[in-house]
2 protein chains.
Amino acid sequence: MTVPAPRKAVVLLSGGLDSATVLAIAKAGGFDPAALTIVYGQRHALETDAAREVARSMGVGRHELVQFDLRPFGGSALTDPSIGVPKDRGDADEGIPVTYVPARNTIFLAFALSLAEACGARDIFCGVNAMDYSGYPDCRPEFIESFERLANLATKAGVEGSPFTVHAPLIRMRKHEIIRKGLELGVNYSLTRSCYDPAPDGTACGHCDSCRIRLEGFRLAGTTDPVRYAG
Amino acid sequence: MTVPAPRKAVVLLSGGLDSATVLAIAKAGGFDPAALTIVYGQRHALETDAAREVARSMGVGRHELVQFDLRPFGGSALTDPSIGVPKDRGDADEGIPVTYVPARNTIFLAFALSLAEACGARDIFCGVNAMDYSGYPDCRPEFIESFERLANLATKAGVEGSPFTVHAPLIRMRKHEIIRKGLELGVNYSLTRSCYDPAPDGTACGHCDSCRIRLEGFRLAGTTDPVRYAG
């Protein structure tokens with residue numbers, strides 16, 4: 001009996017909690033994942049180090065890094081220092097937040113598609129989530145479905161009848177469900193970084209939307225976040 | 001009587017003949033274009049200098065450059081030195097050429113969309129052409145239409161009812177028609193570069209697919225290509 005080789009996949013890995021969980025899900029699903037980390041001039045490069053450690057901790061064989069600078073485009077609190085990162089917002093559900101980066105997930109998935117086609121993978125995994133940030137247009141199921149249709153028109157593989165599938169396994173999960181799933185699969189969340197506005201030593205602020213949602217997720221999952229918070 | 005301000009647009013400008021023509025078409029259509037040049041580790045950086053000169057010659061107010069490296073991905077003669085650029089192919093119509101770069105136009109349009117949303121433009125212009133390289137999947141009208149649908153699901157502007165239009169004015173034009181149009185609009189083609197494999201001083205090889213199509217285009221347009229060719 002021959003065991004089939006695991007199917008290749010490309011996993012977008014940011015260094016945050018969600019994409020680390022997605023990597024574990026892809027591995028648990030029998031895929032051989034190549035990780036792809038995209039650095040676009042966001043405020044902190046700590047996430048990149050986190051992505052490297054997460055990939056290493058999960059035995060990923062190939063980890064590609066693509067770097068470019070979206071800061072000259074402006075238009076987002078994550079790339080423009082003149083726009084403040086909101087802290088302690090009473091209600092995160094107020095439309096599209098200033099941390100929205102124009103077309104970010106379109107850019108991310110375009111690179112993932114390029115790497116997937118070049119390396120012979122037909123499965124792309126990403127950590128987009130429509131629950132916690134319902135305001136981001138490029139985190140909705142209809143965006144993912146539309147990108148998948150595009151991918152199969154845009155590529156040699158798609159046109160030649162070897163279509164791509166875009167997996168967004170977290171899209172309808174709440175943060176505490178994601179955390180429970182990741183803990184079940186052995187994700188080491190102490191390696192991950194989520195804060196939009198960390199201190200230079202990597203300590204999370206504990207007050208931005210991302211920290212608040214993460215902390216609440218660990219609380220609802222009945223456990224403690226292993227990363228360090230200020231104050 | 002007040003004259004309305006010209007509408008902003010983003011024009012993908014490579015430094016080649018097609019995108020220079022598209023820039024002229026956008027200007028002639030009354031748009032105020034921001035040019036976007038994308039450097040992805042293709043074999044020659046001469047195109048970037050050409051893009052700068054073309055933008056300057058047409059009085060473009062904003063010219064953004066995005067740089068990243070697709071070479072580690074591999075899979076194309078334009079990014080992988082181990083794959084040769086084909087020369088003097090008798091028939092260019094042999095399926096998808098090795099100069100295809102996986103998902104390249106998806107990546108390009110994703111960046112154009114990001115810049116457009118960030119700067120308040122709703123019109124994106126690109127020079128894709130389905131006639132000369134019928135083999136490239138991401139040069140077909142159905143690809144452009146699919147990207148436009150994606151753009152309006154992916155963005156804050158699209159979701160909020162201020163949709164994007166992706167213009168590909170050359171998509172059904174032959175090279176000589178493009179050249180005639182550009183000459184009519186005053187494009188200085190001596191500033192443009194098309195060769196896939198130029199000499200270090202910028203001299204075009206005259207034998208790659210791109211040179212052959214360009215030379216034939218000038219011949220059919222009844223004029224002479226002003227750029228220098230080897231031999």
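Residues numbered from 1 in each chain as written. Chains lettered and ligands numbered in written order. Predicted model: local features only at pLDDT ≥ 70, side-chain atom pairs only at ≥ 80, totals over all residues.

**Q** With reference to specific residues and values, describe the overall build of chain A.
**A** In terms of regular secondary structure, chain A is built from seven helices and five strands. Element order for chain A, N to C, with α for helix and β for strand: β-α-β-α-β-α-β-α-α-β-α-α. In terms of overall size, chain A behaves like a compact globule, its C-alpha atoms giving a radius of gyration of 17 Å where 231 residues would be expected to give roughly 17 Å. The principal-axis extents of the C-alpha atoms in chain A amount to approximately 55 × 40 × 30 Å. Residues counted as buried form 51% of the 231 residues belonging to chain A. (Helix = DSSP H or I, 4+ residues; strand = E, 2+ residues; numbered from the N terminus. Rg over C-alpha atoms; globule rule 2.2 N^0.38 Å. Buried ≥ 20, exposed ≤ 12 C-beta atoms within 10 Å, placed from the backbone.)

**Q** Go over the sheet that holds strand β2 (residues 31-39) of chain A, please, and point to the residues and values.
**A** Residue and element names in this part refer to chain A. Taken in spatial order, the five strands line up as β3-β2-β1-β4-β5 in an open sheet, and their pairing is parallel. Edge positions in the sheet fall to β3 (62-67) and β5 (165-167), since each has one partner strand and no second. When strand polarity is set aside, the average angle formed by the axes of neighbouring strands in this sheet is 25°. Contacts between helix α1 (residues 17-28) and the sheet are confined to β1 (7-12), β2 and β4 (123-125), with β2 contributing the most and set at about 160° to the helix. The strands that helix α2 (residues 46-57) touches are β2 and β3; relative to β2, the one it contacts most, it runs at about 170°. (Pairing = 2+ DSSP bridges. Axes fitted to C-alpha atoms, helices over the stretch in contact; angles between N-to-C directions. Contact = placed C-beta atoms within 7 Å.)

**Q** Tell me about the environment of Phe-143 of chain B, and name the residues and values.
**A** With respect to the element layout, Phe-143 of chain B can be found in helix α4 (residues 141-154). Between the C-alpha atoms of Phe-143 of chain B and Thr-106 of chain B, which are 37 residues apart in sequence, the distance is 8.9 Å. Apart from the residues within four sequence positions on either side, Phe-143 of chain B is in contact with Leu-153 and Ala-154 of chain A together with Pro-137 and Asp-138 of chain B.

**Q** Summarise helix α7 (residues 209-220) of chain A; cite the residues concerned and give the values.
**A** All names here are of chain A. With 12 residues, α7 extends 16 Å between its outermost C-alpha atoms, agreeing within 8% with the 16 Å of an ideal straight helix rising 1.5 Å per residue. Of all the positions in α7, only Asp-209, Ser-210, Cys-211, Arg-214 and Gly-217 are classed as buried. Residues of α7 that are buried make contact with α1 and α6 (175-184). Looking at the residues trailing α7, positive phi occurs at Gly-222, about 75°. (Expected span 1.5 Å × (residues − 1).)

**Q** I'd love a proper account of the interface of chain A and chain B, names of residues and values included.
**A** The partner chain B presents 37 residues to the 37 residues of chain A that form the contact. Every element with two or more residues in the side of chain A that touches chain B is listed here: β3, α3 (104-119), α4 (141-154) and α5 (156-159) of chain A. In terms of residue class, the side of chain A that touches chain B is built from 22 nonpolar, nine polar and six charged. (Nonpolar A, V, L, I, M, F, W, Y, C, P; charged D, E, K, R; others polar.)

**Q** Talk me through the nonpolar core; I want residue IDs and the actual numbers.
**A** Core analysis: the largest hydrophobic core is formed by 144 residues, its most contacted members being Leu-36 and Ala-112 of chain A together with Leu-36 and Ala-112 of chain B. Contact partners of Leu-36 of chain B, with chain neighbours within four places excluded, come to Val-10, Val-11, Leu-12, Leu-13, Glu-64, Val-66, Phe-111, Ala-112 and Leu-115 of chain B. (Core = buried A, V, L, I, M, F, W, Y, C linked by C-beta atoms within 7 Å.)

**Q** Pulling in residues and values, what's your account of the sheet that holds strand β1 (residues 7-12) of chain B?
**A** Residue and element names in this part refer to chain B. Spatially, the five strands line up as an open sheet ordered β3-β2-β1-β4-β5, and their pairing is parallel. Looking along the sheet, the strands with just one partner apiece sit at the ends: β3 (62-67) and β5 (165-167). The sheet shows a mean angle of 25° between the axes of neighbouring strands, direction not considered. With six bridges connecting them, strand β2 (residues 31-39) and β3 associate as parallel partners. Looking at the pairing, Ile-38 lines up with Val-66 of β3.

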